[in-house]
Amino acid sequence: MVALSPAVLRAACQMWREEGWKDPTNWARVRMLRSAVGWAYCERIVEVDPLDGMRNPPHAAVRLHASVDQVREILHYAQLDLDAAQADVESTAPAVARLHRAEQVLLLAHLAASSGARRGELASLQLGDLDGDILTISRSTSNEILGCTKSGRIRRMTLGHETAELWRQMAKRWQQRIVGQPFGPWLFAAEPRHQVRLTTRCLGYWFGALGAVRVYQTLTM
């Protein structure tokens, strides 16, 4: 503890960033450490708080929105992945799983572009959240714990008709594959019945695996 200082913590944050850790993870580490040190000081386990008065670590550059051309390329790559999965006519479980994933990634890309929703909100969508072309966003996840949105408010927005129609087509297609079995309620799922929500981390991984996102390495969801 005696070796801990603001300079040491700032250097650690810089090292984490260079290793590829995202800023939210680094900020969470800093908050946890400062909380632990503050508790130890209050309990008189340490004589001084070595981080007292330290400012929060500097944020990286503000993340910018993707350009129109980048969005178009993301949608193009998602469609190519789906076309390739559909061309694989095998009825094996791995082939069906690839097709199921490609369908969801295409819908995910369209929803991200059309709604601007956060990743945790997208991962929390249920099949019944779309009414006509109106999308209701009332849930989100934090550390994979389901709760209200970050603002605590319920939002409603009109999706582009193409995105809303794609949602309806995919939902109908998925339900037809498991006819006679329970279906839903989650929009994104790794299993065909959509009864278990896809994790936020997995949703981000699927999106990051798109060819266009690998080209534009600064793009994240």
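Residues numbered from 1 in each chain as written. Predicted model: local features only at pLDDT ≥ 70, side-chain atom pairs only at ≥ 80, totals over all residues. Heavy atoms only, no water.

## A short note on unusual backbone geometry
Okay, so step 1: Cis geometry is adopted by the peptide bond preceding Pro-185, which originates at Gly-184 and carries an omega value of 20°.
Okay, so step 2: The phi torsion at Glu-144 lies on the positive side, around 65°, for a residue other than glycine.
Okay, so step 3: Locating Glu-144 in the fold gives a position in the loop between strand 3 (140-142) and strand 4 (145-147).
Okay, so step 4: Under the relative-accessibility criterion, Glu-144 is labelled partly exposed at 33%.
Okay, so step 5: We note that His-194 has phi near 60°; this positive angle belongs to a residue other than glycine. (Helix = DSSP H or I, 4+ residues; strand = E, 2+ residues; numbered from the N terminus. Buried < 20%, exposed > 50% of the residue type's maximum accessible area, 1.4 Å probe, protein only.)

## Observations concerning the packing of helix 3 (residues 68-87) against helix 4 (residues 93-115)
A pair of packed helices is captured by two measures, namely the crossing angle of their axes and the spacing between those axes.
Okay, so step 1: Where helix 3 contacts helix 4, the axes come no closer than 8 Å and their chain directions differ by 165°. Between helix 3 and helix 4, the crossing angle belongs to the class labelled roughly antiparallel. For the pair helix 3 and helix 4, the sense of crossing is left-handed. On helix 4, the residues that touch Val-71, Ile-74, Leu-75, Ala-78, Gln-79, Asp-81, Leu-82, Ala-85 and Gln-86 of helix 3 are Arg-98, Leu-99, Ala-102, Glu-103, Val-105, Leu-106, Ala-109, His-110 and Ala-113.
Okay, so step 2: Residues belonging to the contact of helix 3 with helix 4 are distributed by class as follows: 12 nonpolar, 3 polar and 3 charged. (Axes fitted to C-alpha atoms, helices over the stretch in contact; angles between N-to-C directions. Parallel < 35°, antiparallel > 145°, perpendicular 65-115°, else oblique. Left-handed = near helix turned anticlockwise from the far one by under 90°. Contact = heavy atoms within 4.5 Å. Nonpolar A, V, L, I, M, F, W, Y, C, P; charged D, E, K, R; others polar.)

## So, the confidence of the model for the protein chain
Okay, so step 1: For the protein chain, the mean per-residue pLDDT works out to 87, and 90% of the residues sit at or above 70.
Okay, so step 2: Looking at the elements of the protein chain, mean pLDDT is at its lowest for helix 8 (residues 211-215), recorded as 58, and at its highest for strand 1 (residues 130-131), recorded as 98. (pLDDT = per-residue confidence, 0-100.)

## Here we look at the pairing of strand 2 (residues 134-137)
Okay, so step 1: Relative to strand 2, strand 1 runs antiparallel, the two sharing 2 bridges. The partner of Asp-131 across the bridge, within strand 2, is Ile-134.
Okay, so step 2: The hairpin turn running from strand 1 into strand 2, its antiparallel successor, is 2 residues long, and Gly-132 in that turn takes a positive phi close to 70°.
Okay, so step 3: Bridge count for strand 2 against strand 5 (residues 155-158) is 4 bridges, and the pairing is antiparallel. Bridging from a neighbouring strand, Thr-136 pairs with Arg-156 of strand 5. (Pairing = 2+ DSSP bridges.)

## Details of the packing of aromatic side chains
For any pair of aromatic rings, geometry is given as the distance between the ring centres together with the angle between the planes.
Okay, so step 1: All chains considered together, the criterion is met by 0 aromatic pairs.
Okay, so step 2: The residue whose ring lies beneath Arg-29 is Trp-16, and the NZ or CZ to ring-centre distance is 4.7 Å.
Okay, so step 3: It is Arg-29 that lies over the ring of Trp-21; its NZ or CZ is 4.3 Å from the centre. (Phe/Tyr/Trp six-rings, centres within 6.5 Å; stacked < 30°, edge-to-face > 60°. Lys NZ or Arg CZ within 6 Å of the ring centre and 35° of its normal.)

## Considerations on the sheet that holds strand 2
Okay, so step 1: Taken in spatial order, the 3 strands of this open sheet run 1-2-5, and their pairing is antiparallel. The open sheet has two edge strands with one neighbour each: strand 1 and strand 5.

## Observations concerning the pattern of salt bridges
Any two side chains of opposite charge can pair, on the condition that their charged atoms come close.
Okay, so step 1: Tallied over the entire structure, the rule returns 11 salt bridges.
Okay, so step 2: Here Arg-155 and Glu-121 are joined by a salt bridge, their closest N and O atoms 2.9 Å apart. Residue Arg-155 is found in strand 5, and its partner Glu-121 is found in helix 5 (residues 119-123); the two are separated by 34 residues along the sequence.
Okay, so step 3: Under the relative-accessibility criterion, Glu-121 is labelled buried at 1%. (Salt bridge = Lys/Arg side-chain N within 4 Å of Asp/Glu carboxyl O.)

## Considerations on the environment of Arg-156
Okay, so step 1: Summarising the element assignment, Arg-156 is placed in strand 5.
Okay, so step 2: In sequence terms Arg-156 and Arg-197 are 41 residues apart; their C-alpha atoms lie 21 Å from each other.
Okay, so step 3: When sequence neighbours within four positions are dropped, the list of residues in contact with Arg-156 reads Ile-134, Leu-135 and Thr-136.

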